[in-house]
Amino acid sequence: MLSIRNLQSGYGRIQALHGIDVDVAEGEIITLIGANGAGKTTLLMTICGKPRASQGEIVFEGEEITRLPTFQIARRGIAHAPEGRRIFPRMTVRENLQMGAAVTPPQYFTDDLDRVLTLFPRLRERLDQRGGTLSGGEQQMLAIGRALMGRPRLLMLDEPSLGLAPLVVRQIFQIIREINREQKVTVFLVEQNAFHALKLAHRAYVMVNGRIAMSGTGEQLLADPAVRAAYLEGGHPAAEETEEAR
Ligand SMILES: Nc1ncnc2c1ncn2[C@@H]1O[C@H](COP(=O)(O)OP(=O)(O)OP(=O)(O)O)[C@@H](O)[C@H]1O
Ligand SMILES: [Mg+2]
């Protein structure tokens, strides 16, 4: 579905991606993990056309999109829930969801809204509340819901679990699984929360300093000693793992 070859990109003279190759097949959940500053956000943003790739190509469903304007990329069926949520704080929940529907024909709106609110019942209770006054978890739900309003075939999520309590993190990951299984949306997930993300993923990539250092199934990477040492040990993930194993 998405095929990225030798992708290079950056900010002015600073090169952040040094030749990335990534493939996402239809129906998959692909996870990308990596340390702070590795280039994960830059990769998702370059797929959306901002910043522009300086080299390489991005092909989505057989069409090269590397040089398309961002709104055209969204129209092709790629939605992006950016890092830090970036919802519109002064707009209500309903208005935020309307913004997400800007790329779809208006007659879909009512059905799509209902579908998103069924996925996130909390948002249904808060339709008229301003986005900025939602809790962190609710804002993340809104960010994902807004992305879904565009009827994406590929949903890209940048650190959806950031700053959320463990229980809410689990809910969010459960919902991502549901979106993938039931709504048949392909998911490209960037995460620091490597344990949960690798458990969820069909396949995963590890990014180090703007390059892909490793790839494999989620299970392979979870079992890999280097991955464990760098991304799983010495934090709460190990504790959660024991908890989950019970
Ligand atoms: N707008 C920008 N202007 C200049 N440099 C930037 C900009 N955004 C990111 N960078 C640089 O690009 C590199 C990759 O950053 P990026 O945000 O893609 O990393 P990341 O893997 O998403 O990190 P994190 O896990 O902290 O979100 C970093 O060195 C960062 O400082
Ligand atoms: Mg980032």
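In this text the structure is predicted, and so the values were computed from the model without any measurement.

So, on to the packing of aromatic side chains. Summed over all chains, the structure comprises 0 aromatic pairs. Here the basic side chain of R151 rests over the ring of Y108, its NZ or CZ set 3.6 Å away from the ring centre.

At a minimum axis distance of 10 Å, the contact between helix α6 (residues 136-148) and helix α7 (residues 166-182) shows a crossing angle of 15°. When the axes of α6 and α7 are compared, the pair comes out roughly parallel. Remark: the crossing between α6 and α7 carries right-handed chirality. Taking contact as the criterion, the partners of G137, Q140, M141, I144 and L148 in α6 are, on α7, V168, Q171, I172 and I179.

Right, let's talk about the environment of K199 for a bit. Examined against the element boundaries, K199 turns out to sit in helix α8 (residues 194-200). On a C-alpha basis, the gap between K199 and T31 in space is 9.6 Å, while along the polypeptide they are 168 residues apart.

Let's shift gears to the nonpolar core. Of all hydrophobic cores here, the largest spans 36 residues; its most connected members are L97, F120, I144, L155, L157, I179 and L189. Elements represented by at least two residues in this core include exactly β6 (78-81), α3 (93-100), α4 (109-119), α6, β7 (154-158), α7, β8 (186-191) and α8. In this structure I179 touches L119, I144, L148, L155, K184 and V185, once residues within four positions along its chain are discounted. Core analysis: the next-biggest nonpolar cluster, separate from the first, contains 28 residues, L2, F60, M156 and M207 among them.

Here the focus is the site of ligand 1. K40, T41, T42, E83 and Q192 are the nearest of the 13 residues found near ligand 1. For ligand 1, an oxygen atom lies 2.8 Å from a polar atom in the side chain of N36. Between ligand 1 and the protein, one listed contact pairs an oxygen atom with a side-chain N or O atom of T41 at 2.7 Å. About the coverage of ligand 1: the protein hides 62% of its 640 Å² of free accessible area. Here the shell around ligand 1 gets 3 residues from one element, more than from any other, and that element is helix α1 (residues 40-47). A per-class count over the shell around ligand 1 returns 4 nonpolar, 6 polar and 3 charged.

Now for the pattern of salt bridges. Summed over all chains, the structure comprises 13 salt bridges. Here R153 and E26 are joined by a salt bridge, their closest N and O atoms 3.6 Å apart. Note that R153 is positioned in the loop between α6 and β7 and E26 in the loop between β2 (14-24) and β3 (29-34), a separation of 127 residues in sequence. Between R153 and E61 there is a salt bridge; the shortest N-O distance is 2.2 Å. With R153 in the loop between α6 and β7 and E61 in the loop between β4 (53-60) and β5 (63-64), this residue pair connects regions lying 92 residues apart in the sequence. Judged by relative accessible area, which is 32%, R153 ranks as partly exposed.

In this structure, the amide linkage connecting K50 to the following residue, P51, adopts the cis form with an omega of 0°. One can find P51 in the loop between α1 and β4. Here the phi dihedral of R86 falls at roughly 50°; this positive angle occurs in a residue that is not glycine. Along the polypeptide, R86 turns up in the loop between β6 and α3. For R86, a relative accessible area of 59% translates into the label exposed.

Turning to the sheet that holds strand β9 (residues 203-208), a few remarks are in order. Across the sheet, which stays open at both edges, the 6 strands sit in the order β6-β7-β8-β3-β9-β10 with mixed pairing between neighbours. Because the sheet does not close on itself, it has two edges, and the strands there are β6 and β10 (211-217). Geometrically, the sheet is characterised by an average inter-axis angle of 15° between neighbouring strands, direction not taken into account. Of the pairings in the sheet, the one linking β3 to β9 comprises 5 bridges and is parallel in character. Bridging across to β9, L32 finds its partner in Y205.

One can read the domain layout of the protein as domain 1 (2-77 + 154-245) and domain 2 (87-151). Just the C-alpha atoms count here: the centres of domain 1 and domain 2 sit 23 Å apart. Taken together, the contact between domain 1 and domain 2 spans 14 residues of the former and 11 residues of the latter. The largest per-residue losses of area from domain 1 upon contact with domain 2 belong to I172, I175 and Q183, which jointly make up 36% of the total buried on that side. The tally of links from domain 1 across to domain 2 stands at 1 residue pair in polar contact (both at pLDDT 80 or more). Looking at the side of domain 1 that touches domain 2, the elements with two or more residues in it are α2 (70-75), β7 and α7. Taken together, the residues of the side of domain 1 that touches domain 2 break down into 9 nonpolar, 2 polar and 3 charged.

The rules behind the values
- Residues numbered from 1 in each chain as written.
- Chains lettered and ligands numbered in written order.
- Predicted model: local features only at pLDDT ≥ 70, side-chain atom pairs only at ≥ 80, totals over all residues.
- Heavy atoms only, no water.
- Phe/Tyr/Trp six-rings, centres within 6.5 Å; stacked < 30°, edge-to-face > 60°.
- Lys NZ or Arg CZ within 6 Å of the ring centre and 35° of its normal.
- Axes fitted to C-alpha atoms, helices over the stretch in contact; angles between N-to-C directions.
- Helix = DSSP H or I, 4+ residues; strand = E, 2+ residues; numbered from the N terminus.
- Parallel < 35°, antiparallel > 145°, perpendicular 65-115°, else oblique.
- Left-handed = near helix turned anticlockwise from the far one by under 90°.
- Contact = heavy atoms within 4.5 Å.
- Core = buried A, V, L, I, M, F, W, Y, C linked by side-chain atoms within 4.5 Å.
- Buried < 20%, exposed > 50% of the residue type's maximum accessible area, 1.4 Å probe, protein only.
- Near = heavy atom within 4 Å.
- Polar contact = N/O pair within 3.5 Å; in protein donor to acceptor, adjacent residues only side chain to side chain.
- Areas by Shrake-Rupley, 256 points an atom, 1.4 Å probe, with all protein chains shown as cover.
- Nonpolar A, V, L, I, M, F, W, Y, C, P; charged D, E, K, R; others polar.
- Salt bridge = Lys/Arg side-chain N within 4 Å of Asp/Glu carboxyl O.
- Pairing = 2+ DSSP bridges.
- Domains from an automatic or database assignment.
- Buried area = accessible area lost by both parts, 1.4 Å probe.

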